[in-house]
Amino acid sequence: MKRRHLFGAAAALLAALGLAGCNDEKKVESGAEPQATASEAPKTFNWKMVTAWPKNYPGLGTAAQRLADRVNTMSDGRLTIKVYAAGELVPALEVFDAVSRGTAELGHGAAYYWKGKVPTAQFFTSVPFGLSTSEMNAWLTRGDGQKFWDEAYAPYGVKPMVVGNTGMQMGGWYNKEINSLADLQGLKIRMPGLGGEVLSRLGATTVNMPGGEVFTALQTGAIDASDWVSPYNDLAFGLHKAAKYYYYPGWQEPQAVLELLVNQKALDSLPEDLRAILTEAALAASRDMLDDYVYNNAMALDQLKQQGAELKRFPDEVLNAMREQADVVLGELAAQSELNGRIWASMKAFQAQVKPMHEISEKELYNWR
């Protein structure tokens, strides 16, 4: 009797389960409870990067393209960047405006090119007689630099990032010798940023023009002199064929930050992992560019000398006058706004803080080796 009851209960349970299974299958077939769908493909982003450089120009143009390639690889194609050289989509000196308007999501250039629109930007490329490359990087990433940079660009809807550095530059190419302060009177020179303002105070006439126009301007006599970058880039433009004297030191740019401009709305539209990829790719590009310049400048300087470039050092009288005027120019820029004042105070304080260490480390190494 007990066995019959157990068998009967088991049979009833199996029948109930079978019926429930049939009912579930019918519900799925009828669409009452839809089947789980495959996960949707991740969203992709196709961005444009406008640059201030000629296409594939060594060090600067190639760095922009390598950054784009790195982002594409790291994101597995979810964020692709098409690079436009200067003039292909917008002129070189309109890169900032293009990113601010959203014409392009990204820009690659140097902050002092936008001084007419954002005077504060000049602090974030280079300051005459200012921070070295390692010092500038540390001030931006460990000090207050990045915070100030973000604050300066925020009204324009632009987020800045460091995307490279040329290291210390040269003083420039001259078609006349500079033996005294008198030789700066009436000198027509291409020099952007704060260095150009310093030379203006000492009697020179300064102009700002894209790098692609420098050779012709020197060759035709439209200008008497020009800074550009350093041997690596100067050799690529053939500037030694347009001017005889190659001056040093690069007092006007003891280092030069290159910046990645990102449209803030476009950046906000990216998922967190793609924002991280863009940020890390920019950091990698910074290291990549500096290595590029240290290595290639050494090779290019030797070639320039072999091809007739005459190295000249600015006289102490001229360098002292430049340094004095730089203090005046920077003081006036700092007085233009409360933000400028905070930036200059922070930068000077950091330079004073790191100086004792570098006096007994890097300076001693260079003097003794």
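Residues numbered from 1 in each chain as written. Predicted model: local features only at pLDDT ≥ 70, side-chain atom pairs only at ≥ 80, totals over all residues. Heavy atoms only, no water.

Asks: Give me the lowdown on the nonpolar core, citing residues and values where you can.
Replies: Within the largest apolar cluster, 113 residues are counted, with the highest numbers of intra-cluster contacts made by Trp47, Trp139, Tyr153 and Leu260. With residues near it in sequence (within four places) discarded, tryptophan 47 still touches Leu79, Thr80, Ile81, Lys82, Glu105, Leu106, Val262, Ala266, Leu267, Leu270 and Leu278. (Core = buried A, V, L, I, M, F, W, Y, C linked by side-chain atoms within 4.5 Å. Buried < 20%, exposed > 50% of the residue type's maximum accessible area, 1.4 Å probe, protein only. Contact = heavy atoms within 4.5 Å.)

Asks: Give a description of the UniProt feature "binding site: Na(+)" (unreviewed entry) in the protein chain that names residues and reports values.
Replies: Look at the UniProt record and you will see "binding site: Na(+)" (unreviewed entry) annotated at Trp228. Its place among the elements puts tryptophan 228 in the loop between strand 8 (225-226) and helix 8 (231-237). Classification of tryptophan 228 by relative accessible area gives buried; the value is 4%. Other than its neighbours up to four places away in sequence, tryptophan 228 contacts Trp53, Tyr57, Leu60, Tyr113, Gln169, Arg190, Gly211, Asn233, Asp234, Phe237 and Leu239. A polar contact is formed between the side chain of tryptophan 228 and the side chain of tyrosine 57, at a distance of 2.9 Å. (UniProt positions renumbered as here; feature names shortened; annotations may be inferred. Helix = DSSP H or I, 4+ residues; strand = E, 2+ residues; numbered from the N terminus. Polar contact = N/O pair within 3.5 Å; in protein donor to acceptor, adjacent residues only side chain to side chain.)

Asks: Describe the sheet that holds strand 8, with residues and values.
Replies: Read across the sheet, 6 strands follow the order 7-6-8-5-9-11 without closing on themselves; strand pairing throughout is mixed. Each of the sheet's edge strands pairs with one partner strand only, and the pair in question is strand 7 (205-207) and strand 11 (310-313). Both strand 5 (residues 172-174) and strand 9 (residues 245-248) contribute to a ladder of 3 bridges, which runs antiparallel. Within strand 9, the position partnered with glycine 172 by the bridge is tyrosine 247. (Pairing = 2+ DSSP bridges.)

Asks: Now, about the packing of aromatic side chains: what can you tell me, with residues and values included?
Replies: Under the definition given, this model contains 19 aromatic pairs. An angle of 15 degrees between the planes, with centres 3.8 Å apart, marks the rings of tryptophan 173 and tyrosine 246 as stacked. Highlighted residues: tryptophan 173 in strand 5 and tyrosine 246 in strand 9, separated in sequence by 73 residues. By the burial criterion, tryptophan 173 is buried, and tyrosine 246 matches it. One aromatic cluster in this structure is built from Trp53, Phe96, Tyr112, Tyr113, Trp114, Phe124, Trp139, Trp149, Tyr153 and Tyr156. Between lysine 82 and the ring centre of tyrosine 84, over which it is positioned, the NZ or CZ distance is 5.3 Å. (Phe/Tyr/Trp six-rings, centres within 6.5 Å; stacked < 30°, edge-to-face > 60°. Lys NZ or Arg CZ within 6 Å of the ring centre and 35° of its normal.)

Asks: How would you explain the side chain of threonine 125 if you had to name every residue and give the values?
Replies: Structurally, threonine 125 is set in the loop between strand 3 (106-109) and helix 4 (133-141). From its side chain, threonine 125 meets the backbone nitrogen of tyrosine 112 in a polar contact 2.9 Å long. Ignoring any residue separated from it by four or fewer positions in sequence, one finds threonine 125 in contact with Ala110, Ala111, Tyr112, Glu253, Gln255, Ala256 and Val257.

Asks: Describe the environment of alanine 284, and please don't skip the residues or the numbers.
Replies: Relative to the assigned elements, alanine 284 resides in helix 10 (residues 272-306). When the C-alpha atoms of alanine 284 and glycine 164 are compared, they prove to be 8.7 Å apart, with 120 residues separating the residues in sequence.

Asks: I'd love a proper account of the sheet that holds strand 2 (residues 79-84), names of residues and values included.
Replies: One open sheet holds the 5 strands; their spatial order is 2-1-3-10-4, and the pairing between them is mixed. The sheet is open, and its two edges are formed by strand 2 and strand 4 (158-165), each paired on a single side. Across the sheet, the mean angle separating the axes of adjacent strands is 25 degrees when strand polarity is ignored. Pairing of strand 4 with strand 10 (residues 257-263) involves 7 bridges; the strand directions are antiparallel. Its bridge partner lying in strand 10, proline 160 is registered against leucine 261. Most of the contacts of helix 5 (residues 145-153) go to strand 4, to which it runs at about 135 degrees, and overall it touches strand 4 and strand 10. Contacting strand 1 (45-51), strand 2, strand 3, strand 4 and strand 10, helix 10 runs over the sheet at an angle of about 30 degrees to strand 4. (Axes fitted to C-alpha atoms, helices over the stretch in contact; angles between N-to-C directions.)

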